[in-house]
Amino acid sequence: MTAILQVADLKTSFRTDDGIVKAVDGVSFSVAKGQTLGIVGESGSGKSVTSLTIMGLNDKRAATSSGSVLLDGHEILGVSTSELQEIRGTRMAMIFQDPMTSLNPVKSIGWQLSEAVLVHKDVTKKAARDRAIELLEQVGIPNPERRVDDYAPQFSGGMRQRVMIAMALINNPDVLIADEPTTALDVTTQAQILRLMKRLQDEYNMAIIMITHDLGVIAEVADDVAVMYGGKVVEQATVAELFDSPQHPYTWGLLGSLPRLDSKADRLEQIPGQPPSLLRPPSGCAFHPRCEFAFNRCPTEVPPLVKFGGPTHLHRCLLGDDTRQEAWAKKKAAMKVEAAA
Amino acid sequence: MRKKFVLPAVLAAIGALLLVASAYASTGSSSGVAGKVAKKGGTLKVNVSNGDFTFSDPGLAYDTLSWSMLYTTQMLLVNFPEKPGQAGGQLYPEAATAFPVVSKDGKTYAFTIRPGLKFSDGSPVTAAAFQRAIERNLSPKMGSPVGVNVQVQKLIIGGEDFLAGKTQKISGVSAKGLKLTIKLTKPNPTFVSIMGMQWFGAVKPDTPYSTAGLNTTPSAGPYTIKSRDAGRNLVEVRNPYYKGTRPANPDQIVWTVNTDSDQSLLQVKAGQADIDASQPPAAQYAALGDQFGLNKKQFFVGPTSCILYYALNTSRAPFNSLAVRKAANWALDRPALLRLSGKYSGSRSDQVLVPGVPGYKRYDIYAIKGADVAKAKKVAGKPLSGTVTVFHSTSASQTARAQVIEYNLKQIGFDTKDRPVPGGLYYKTLGTKGADFDVAYAGWCADFFDPFDYINVNLDGRSIQDANNVNFAYLNSAKLNAAMDKAASLSGAARATAYQKLDLTIMRDYAPWVSYNNLNSVYFVAPRVSNFIYSAYFTSPDYNALAVG
Amino acid sequence: MFYFLVRRTLWAVALFIAATVITYLIFYIIPADPAKLACGRACTQQDVDRVRHFLHLDQPVWRQYLRFLWRLVYHQDLGRSFVNQQSVNQIVAGGAPVTASLVFGGAVFWLLLSIPAGIYSALKPRSIADRASMTFVLFGISAHPVWIGLILGYLVGFRLGWTPIAGYCDFFSPSFGSSCGGPVQWAYHMVLPWLTFMVLFAALYVRLIRANVMETLSEDYVRTARAKGASEPRVMVQHVMRNSMLPVVTILGMDIGLALGGAIFTESIFSLPGLGRRVIQAYNNNDLPVIVGIVVFSTIAIILFNLIVDLLYAFLDPRIRLS
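Residues numbered from 1 in each chain as written. Chains lettered and ligands numbered in written order. Predicted model: local features only at pLDDT ≥ 70, side-chain atom pairs only at ≥ 80, totals over all residues.

(A) Broad picture of the overall build of chain B. A count of helices and strands for chain B gives 14 helices and 19 strands. Projecting the C-alpha coordinates of chain B onto the three principal axes gives extents of approximately 75 × 55 × 35 Å. For chain B, the residues scored as buried account for 56% of the 549 residues in total. By sequence separation, contacts in chain B at least 24 residues apart represent 74% of the contacts at least 6 residues apart. (Helix = DSSP H or I, 4+ residues; strand = E, 2+ residues; numbered from the N terminus. Buried ≥ 20, exposed ≤ 12 C-beta atoms within 10 Å, placed from the backbone. Contact = placed C-beta atoms within 7 Å.)

Put into structure tokens, the structure is as follows:
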């Protein structure tokens, strides 16, 4: 299976009044058609900037990017705006976190869907509208012929996200980037939207990059997963590998904050401390100030990305393999105790 | 800027009098360049900054602006000629064949109208035209809200009944063909002058009454009003039936009202307008005078009937003392007060009368060239002390002048208390008997050039009432009142001589005012304008004489 | 929509009564006597009383006010001027087109300048052009219309001679003797007044539009539009403009009232025979019927204009329409 999107050593920094912010610092991954890559991390980990950089949607005056983004083997990082505009919406599409604000409130849904067609294809307005109705139907909007002329404020949050998905898929893209598509929605709607995306992925055979802070979402939809922290990928694996044998203490923390059906705890475990400042990141391993297993090397050495086990499992932890397994065993036990309590 | 004020009382007079007006002379000083024969044609464009004609109906109009416009359209029994200087102030029979024949008892005036005169619609001018003018002036159906007609009814027999709506005609006025006869309640030496006011110009005998005034009505003068759009403009065209000798140089006169005086000056400089009837901004006088020269081609200055003065409150200490009032007259710095108004704004004065008024003679009684503190202290006779209250309006120029006189008064030993009063309330406050002031700014502009209108009106103590006074010095001297009565009863040269003496007596022996400024009128015209003839009576050029062709 | 109109109409009536009552009250609090002013300085008390009766000023204020209301409602008559007995209806009818020419023409001018300038500033913040336009904003906000008018009149009208210095021409059927008339002369004479309004108001609008456009540019739906591949011009026109102009429409509605105030100065400077000039004149003469007439007309005009703006807003913004 060949990767449709390959990202290598992607770096993005922003100039601000206070200094340079390294939002993305050497991220590499790839995703194949029909596959889903999950990118997981707290806010400020650089996951959203990664997706916006791929789409070329960063503010050009403030952001600089380097590295490589290959779409179907063609470099798309740093190409002209007009080339990017041709790619956006046709080969790569994106849906955003907040469906309440991501739709233009003064244009009808049909108009906005049709626009996505009309900016790329030389078809009649009628054809674009028919396609819009077709997509609305596919994403499960009832009475699409009638609702196509409604405005965003007349839809619920879940319905709006369906509309966003319809808009993203209307030109049959190769890659769909979904930036926290379910965060703003209630749990039931979340599940519906994820199932919808899964179904449509099968129909359209597209690659999905699912950006989330929620490992539960990853477990549900992703094939591969990259855990980001402080602008870097700290662990990268298949979903099975990650959940079976997570290698980075940060991933452990994320797993600890995951609600489980077998847990009786009222309160989920939080990772103590604050996400790192990207303006003045901690020295060495960016996670060391919050890491309960940190030792003397952590504040001084920047850990490289190293393999563990198979070729698909990578991590950035300075702990020796054995020490790490012990630590994970201890951590897992503690989590179970807490879960049982 | 100035309103003319109502002739306040009927003159008491004795004896049969003829040609009162001919004894009067006006001394307008500016002449302009009458020179060559003025070219005819073109449109004279007149701006009126910050003002409008209240009425263009001669039955209601009563302000200098409206009158100087109506002068170009009206035909009067007796009128002022378009002549510069003194000659322009002497009435001549216009529609009348001659000055009226007055009966022995001085109460019946008989005018004969010239034959062949026509209105702008071609209809003839007869005695009925002038009868109608008087009726329109007094009719309750005109209901003049400005109260302008309120005194004429007392002059003419039947006037009061007519004003009260009791009669349809004024019994004292009769018109038969070209004969107009007017019967007066009392002999009146100024009656001919009164007939020279714009209220009494010929109107067609069927001209209707109108409370709002008619914007246009046929007239018999050199021009006629073609249209008026109140608040915007007024257009005059030549009267095609006018055959008289008065000049009618422009084809049209277009008045644009409510202009801005700064922009208007630019328009005149650029030739987009010919003249601003409201005069240029005072701050520009000096620069205009320097650039264009005085009374040469474009910049003209002429005297007005207005006298500015400080009234000294004779009803209380310290100015109930003549010596102190004289001291004030020596102490106040007249040139400094004038300088605050800018160059050309007026002439220094220390008298009640102004040049042009019959009987005026320059006396130079006090310190006309500057304050004389030593002399002031000497005439006071004793050291001066205490606090004097200085009244002035809140305007910038009045406030500045008050500072000058307060400085002057301190120089002779007084303390001063500054009492600014808002402009709209100023004369009301000052005119209320018992007002708390010692020195107050005031000014007076005459209705017509008769010394009565200065001296008797402003200084007769018997007219002092509880409110609405104009005798701001609150001077009441039985001896002086009697002298004023005597002078008012005279006519001709005797009248002039009597008032001439009275002017001196008042300022020397009573000193109720510190007069300081005989105001000027200042005009600036576009380069193409010629034949500027200044009328001291209207304090404006004769617009019908201005040539733009 | 029906209730909206009913509510607005009731508001309008309340506003109208408040505006006229306040005008009446202020007029009577000012201790100046219009009868005395109309009569002249040398009037006797008897004459003043006569004039006062003629002008109905001898009645209590509330009766005068009711008289005014009755006449207005039953005869659509605003009365007559104290000073020259002119019909106030005619005064208002004569002045309104001039003021409308000034205000609406001025609005077109200031929008024509401020929309492009505001958008450009928003797209290129901190650029030279942005700084220049922000300097202009500061200048425009600080300057007084009289000063702007005098400077424009002097520089453009007098020194350069490109436009008339002052004056007005009718758009339709000029009155006799007016030196000019017709649309071209009308516009030619209005250029400087419009420019004055432009300097005065464009300043505020450049700021407003700049802020709105910048805010709208950061909206999620703009990012959505870019993500679907829309070109920058398309994003600007279809997504940014309409949304960022919505507040401008509201402010425009409110500023028409403000502009009527600005018209007082601008009309005075350029000798435009509009309502602002008339109201100043009436104020100087204590001419209550004219002041009240113009206040009444302006109030109605502002209320109506705001109603139109509200309806326009509802048309432009489905959120309002659908709620």
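On we go from here.
(B) Region of the structure containing the nonpolar core. Tyr310 and Ala327 of chain B are the most contacted members of the largest nonpolar core, which totals 163 residues. Element by element, the count of residues in this core is highest for strand 12 (residues 299-312) of chain B, at 9 residues. Residues within four places of alanine 327 of chain B in sequence aside, it is in contact with Ala376, Val379, Ala380, Leu384 and Ile412 of chain B. In this structure, Val69 and Tyr151 of chain A together with Ile209 and Ala259 of chain C belong to the second largest nonpolar core, which totals 161 residues. (Core = buried A, V, L, I, M, F, W, Y, C linked by C-beta atoms within 7 Å.)

(C) Molecular detail of the environment of lysine 307 of chain A. Residues and elements named next belong to chain A. By secondary structure assignment, the location of lysine 307 is in strand 11 (residues 306-307). Sequence separation of lysine 307 and threonine 183 is 124 residues, and the distance between their C-alpha atoms is 32 Å. With near-sequence residues (within four places) excluded, lysine 307 lies in contact with His313 and Leu314.

(D) How the structure looks around the interface of chain A and chain C. Tallying the contact residues gives 25 residues for chain A and 20 residues for chain C. Elements with a minimum of two residues in the side of chain A that touches chain C: helix 2 (81-87), strand 6 (92-95) and helix 3 (109-118) of chain A. Looking at the side of chain A that touches chain C residue by residue, the class counts come to 13 nonpolar, 8 polar and 4 charged. (Nonpolar A, V, L, I, M, F, W, Y, C, P; charged D, E, K, R; others polar.)

(E) Region of the structure containing the environment of tryptophan 62 of chain C. Residues and elements named next belong to chain C. Here tryptophan 62 lies in helix 4 (residues 61-75). Residue class for tryptophan 62 comes out exposed when judged on the 10 C-beta atoms lying within 10 Å of it. Sequence separation between tryptophan 62 and tyrosine 24 is 38 residues; the distance between their C-alpha atoms is 9.1 Å.

(F) View of the sheet that holds strand 8 (residues 223-229) of chain B. Residues and elements named next belong to chain B. The strand order across the open sheet built from 5 strands is 8-9-10-1-11, with neighbouring strands paired in mixed fashion. The strands lining the two open edges of the sheet, one partner per strand, are strand 8 and strand 11 (275-276). Judged from the 6 bridges that link them, strand 8 and strand 9 (residues 233-238) form a sheet pairing that is antiparallel. Counterpart to serine 227 in the pairing with strand 9 is valine 235. (Pairing = 2+ DSSP bridges.)

(G) Expanded view of the pairing of strand 1 (residues 3-16) of chain A. Bridge analysis of strand 1 of chain A against strand 2 (residues 19-32) of chain A gives 11 bridges, and the strand direction is antiparallel. Across the sheet, residue serine 13 of chain A finds its bridge partner in strand 2 of chain A, namely lysine 22 of chain A.

(H) Main features of helix 10 (residues 396-411) of chain B. Residues and elements named next belong to chain B. Counted at 1.5 Å a residue, the expected span for helix 10 with its 16 residues is 22 Å, and the 23 Å between its end C-alpha atoms agrees. For helix 10, the complete set of buried residues consists of Arg401, Ala402, Ile405, Asn408 and Leu409. The buried residues of helix 10 all sit within an arc of 125 degrees when viewed along its axis, so they share a single face. The inward-facing, buried residues of helix 10 abut strand 12, helix 7 (322-331), helix 8 (334-339), strand 14 (387-393), strand 15 (415-421) and strand 16 (439-444). (Expected span 1.5 Å × (residues − 1). Arc of directions from axis to C-beta.)

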